[in-house]
Amino acid sequence: MEVSVIGSSQAKLGASDLPSREVGLCNLKNFRVVNDRVSFGQNNRWKKAGISFTLKAHRTEPVREENKRSAPGTRSKTVDGVRLFVGLPLDAISYDCNSINHARAIAAGLKALKLLGVEGVELPIWWGIVEKETMGEYDWSGYLAIAEMVQKVGLNLHVSLCFHGSEKPNIPLPKWVSQIGESQPNIFFTDKSGQHYKECLSLAVDDLPVLDGKTPVQVYQAFCESFKSSFSPFMGSTIKSISMGLGPDGELRYPSHHQLPSKTQGAGEFQCYDQNMLSFLKQHAEASGNPLWGLGGPHDAPTYDQSPFSSGFFNDGASWESSYGDFFLSWYSNKLIAHGDCLLSMASSTFGDSGVTVYGKIPLMHSWYGTRSHPSELTAGFYNTANKDGYEPVAQMFAKNSCKMILPGIDLSDAKQPKENHCSPELLLSQIMAACRKHEVKVSAQNSSESGVPGGFEQIKKNLSGDNVLDLFTYQRMGASFFSPEHFPLFTEFVRSLKQPEMHSDDLPTEEEEGAESAVLSHESSVSMQAA
């Protein structure tokens, strides 16, 4: 295969150019998959500069009908056993009509990823789309159509079950859940000033019948069982793994940073002020013999955008190192871990006989990691300080449920972080990896930014090699820039580097073999595009 930047005389994929509505995903008007090549049409800047790309990759077998499920002839890209996936767009399915957005663009993208040797794609499935109107009524049609597309191309599928809402794209919680929240706002996380975070339910209501007589865990389990039944033809074959949504953005954490401005030095706020969290805190304080400790969260903690050291709690020798600080931080983190344990246990029991692996995601809260108190981690629910390893109990919880961990930020380096925030993504990543290694928990890594960060690919390759516990890397994600002439050749070169050095000319396929494969690939590309 070749990935090249060439003139616009290259034959087009399908009967016509993609309509302009496809451009919302990525500018595929000049993007082609033809005769085992990926090309971008003419680029005047490169043409004037005399620049062209020709990136050879390892030979792949054509995806024929009889082997479309697993496509065993295609060798996926790995480093020391780390498999490569790419995330599909967050809005792959329309919120309004539960149909595929950018269907032709996604079809072309899947073909391109298959040609590169990528093993599979990750698909976010939103609670707010599938169970939108009424509890217990599910519409999986759009997501089933995506699964069929992925299966036809011969890629694997990792599914992320999203029990949260998202502003980008604009996908809220199910309408019936939001309606309940209007009269019962304490089903949502709440901060000290009384602001509610309405993008996911508070973990304090996991086992309370607040959803028309059912608990959230019962509703999540019914959703998972419906998914398992509806996708049974794909389970264990096309669908090899599932992520269980655990909180904000799918991560196991409190929404401690949701009010932070984009450029801030704050560490977020504790989220323990809804009535149910306060009730549990009060009970815990009374049981410990210190009832006054159960009246609320730390009184001397700063607000979202204040420096963490502008008030007392996080300073050296201050409240976080006191008996009260240990009491509160232990309770706050233990509630989070118990929530993760509950949901991962439920997911493992539901999908245990389906031939799939269950994952859960935790955040990389690396701001202020270079301080003794680690304020950003504490407000997010990880009791990790200079005196205490907060990730050991998290890794133990994952190991207990035989689940794998998803960890973002593998593209981040210390050198590129603002020094005033004492960030250290590399040291934090190393600490979490060590805890996972100790408890034999495998890790699936992700990058942090769709648009990429300076030196990101080099940092990813550094983290994917060497002695670690990584078994899968998901590049996030297809979007407006992923298939652009500026980005896709760089991604292609990155994927190519994940295998052995380039093959010698004697090992390359002959022109006759290449021509036969290209004919099949060109035909399948055209059929896929027209069907989309």
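Predicted model only: the values in this text are computed from it and were never measured.

Student: Can you break down the overall build of the protein residue by residue, with the values?
Tutor: In terms of regular secondary structure, the protein is built from 14 helices and 15 strands. Sequence separation of at least 24 residues holds for 78% of the intrachain contacts in the protein that already meet a minimum separation of 6. Surface accessibility of the protein: about 21500 Å² in total, with carbon and sulfur atoms responsible for 48%.

Student: Got a sec to walk through the environment of serine 160? Specific residues and values, please.
Tutor: Looking at the element boundaries, serine 160 is found in strand β8 (residues 156-162). Relative accessible area serves as the criterion here: at 12%, serine 160 is assigned to the buried category. Discounting residues that sit within four places of it in the chain, serine 160 has contacts with Glu122, Leu123, Pro124, Ile125 and Ser243.

Student: Could you give me a rundown of the packing of helix α6 (residues 216-230) against helix α8 (residues 323-351), with the residues and numbers involved?
Tutor: Where α6 contacts α8, the axes come no closer than 10 Å and their chain directions differ by 30°. On the basis of the axis angle, α6 is roughly parallel to α8. The way α6 lies across α8 gives a crossing that is right-handed. Here Val217, Tyr220, Gln221, Cys224, Glu225, Phe227 and Lys228 of α6 lie close against α8, whose contacting residues are Cys342, Leu343, Met346, Thr350 and Phe351. Classifying every residue of the contact of α6 with α8 by side-chain character gives 8 nonpolar, 2 polar and 2 charged.

Student: Residues and numbers for the nonpolar core, please.
Tutor: Ile125, Phe227 and Phe491 are the most contacted members of the largest nonpolar core, which totals 131 residues. With 13 residues, α8 is the largest single contributor of residues to this core. Residues within four places of phenylalanine 227 in sequence aside, it is in contact with Ile125, Trp140, Val159, Leu161, Met235, Ile239, Ile242 and Phe351.

Student: Hey, could you go over unusual backbone geometry for me, with residue numbers and the actual values?
Tutor: Note that the residue after lysine 168, namely proline 169, is joined by a cis bond; omega there is -5°. Within the secondary structure layout, proline 169 lies in the loop between β8 and α5 (175-183). The backbone phi angle of tryptophan 368 is positive, close to 65°, even though this residue is not glycine. Position of tryptophan 368 relative to the elements: it lies in the loop between β12 (357-361) and α9 (375-380). Since its relative accessible area comes to 2%, tryptophan 368 is described here as buried. You will see that glutamate 440, though not glycine, has its phi angle at about 60°, which is positive.

Student: Describe helix α2 (residues 103-116), listing the residues and the values that go with them.
Tutor: Here α2 spans 20 Å end to end across 14 residues, near enough to the 20 Å set by a 1.5 Å rise per residue. Burial runs high along α2: 13 of the 14 residues are buried.

Student: So, the confidence of the model for the protein: which residues are in play, and what are the values?
Tutor: Looking at the protein, the pLDDT average stands at 82 and 76% of residues meet or exceed 70. Predicted confidence is poor over residues 1-24, with pLDDT under 50, and the contacts of this stretch with residues over four places away or in other chains come to 69 contacts. Within the model, the stretch residues 500-532 combines pLDDT values under 50 with 43 contacts to residues more than four positions away or in other chains.

Student: Residue-level account of the packing of aromatic side chains, with values.
Tutor: Considering all chains together, one arrives at 40 aromatic pairs under this definition. Between phenylalanine 309 and tryptophan 368 the ring centres are 5.6 Å apart and the planes differ by 85°, which places this aromatic pair in the edge-to-face class. Of this pair, phenylalanine 309 sits in the loop between α7 (275-287) and α8 while tryptophan 368 sits in the loop between β12 and α9; the two residues are 59 residues apart in sequence, bridging distant segments of the chain. Within the aromatic cluster, the residues linked to one another by ring pairs are Trp127, Tyr138, Trp140, Phe163, Trp176, Tyr220, Phe223, Phe227, Phe231, Phe234 and Phe351. Directly above the ring of tyrosine 95 sits lysine 132, whose terminal nitrogen or CZ lies 4.2 Å from the centroid. Its end group placed over the ring of phenylalanine 280, lysine 335 keeps NZ or CZ at 3.9 Å from the ring centre.

Student: How would you explain the pairing of strand β15 (residues 470-475) if you had to name every residue and give the values?
Tutor: For β15, the buried fraction is high: 6 of the 6 residues fall into the buried class. Pairing geometry for strand β14 (residues 443-446) and β15, over 4 bridges, is parallel. When the bridges of β15 are listed, glutamine 446 appears paired with threonine 474.

Student: Go over the side chain of glutamine 476, please, and point to the residues and values.
Tutor: Structurally, the position occupied by glutamine 476 is in the loop between β15 and α13 (488-497). Side chain to side chain, glutamine 476 and arginine 477 meet in a polar contact 3.0 Å long.

Student: Let's hear about α5: which residues, and what values?
Tutor: Within α5 the residues assigned to the buried category are Trp176, Val177, Ile180 and Gly181. Buried residues of α5 fall within an arc of 145° about the axis and therefore sit on the same side. For α5, the exposed residues lying more than 90 degrees away from the buried face are Gln179, Glu182 and Ser183. Buried-residue contacts for α5 involve α3 (127-130), β9 (188-190), β10 (196-201) and α6.

Student: Can you tell me about the pairing of β10, naming the residues and giving the values?
Tutor: Bridge analysis of β9 against β10 gives 3 bridges, and the strand direction is antiparallel. Paired with phenylalanine 188 across the strands is leucine 201, a residue of β10. Hairpin connection between β9 and β10: a loop of 5 residues separates the two successive antiparallel strands, and glycine 194 in this loop has a positive phi of roughly 90°.

Student: So what's going on with the pattern of salt bridges? Which residues, and what values?
Tutor: Applying the stated criterion across every chain, the model contains 15 salt bridges. The salt bridge involving aspartate 341 is made with lysine 400; its shortest N-O contact spans 2.9 Å. Remark: lysine 400 occurs in helix α10 (residues 392-400) and aspartate 341 occurs in helix α8; sequence separation between them is 59 residues. Judged by relative accessible area, which is 18%, aspartate 341 ranks as buried.

Student: Explain the packing of α2 against helix α4 (residues 141-153) residue by residue, including any values.
Tutor: Two numbers describe how α2 lies on α4: the axes approach to 10 Å, and their chain directions differ by 30°. Taken together, the axes of α2 and α4 lie roughly parallel to each other. In this structure, α2 meets α4 at a crossing whose hand is right-handed. Facing Ala103, Ile106, Ala107, Leu110, Lys111 and Lys114 of α2, the residues of α4 in contact are Ile146, Met149, Val150 and Val153. Residues that form the contact of α2 with α4 fall into these classes: 8 nonpolar, no polar and 2 charged.

Scoring rules and cut-offs
- Residues numbered from 1 in each chain as written.
- Predicted model: local features only at pLDDT ≥ 70, side-chain atom pairs only at ≥ 80, totals over all residues.
- Heavy atoms only, no water.
- Helix = DSSP H or I, 4+ residues; strand = E, 2+ residues; numbered from the N terminus.
- Contact = heavy atoms within 4.5 Å.
- Areas by Shrake-Rupley, 256 points an atom, 1.4 Å probe, with all protein chains shown as cover.
- Buried < 20%, exposed > 50% of the residue type's maximum accessible area, 1.4 Å probe, protein only.
- Axes fitted to C-alpha atoms, helices over the stretch in contact; angles between N-to-C directions.
- Parallel < 35°, antiparallel > 145°, perpendicular 65-115°, else oblique.
- Left-handed = near helix turned anticlockwise from the far one by under 90°.
- Nonpolar A, V, L, I, M, F, W, Y, C, P; charged D, E, K, R; others polar.
- Core = buried A, V, L, I, M, F, W, Y, C linked by side-chain atoms within 4.5 Å.
- Expected span 1.5 Å × (residues − 1).
- pLDDT = per-residue confidence, 0-100.
- Phe/Tyr/Trp six-rings, centres within 6.5 Å; stacked < 30°, edge-to-face > 60°.
- Lys NZ or Arg CZ within 6 Å of the ring centre and 35° of its normal.
- Pairing = 2+ DSSP bridges.
- Polar contact = N/O pair within 3.5 Å; in protein donor to acceptor, adjacent residues only side chain to side chain.
- Arc of directions from axis to C-beta.
- Salt bridge = Lys/Arg side-chain N within 4 Å of Asp/Glu carboxyl O.

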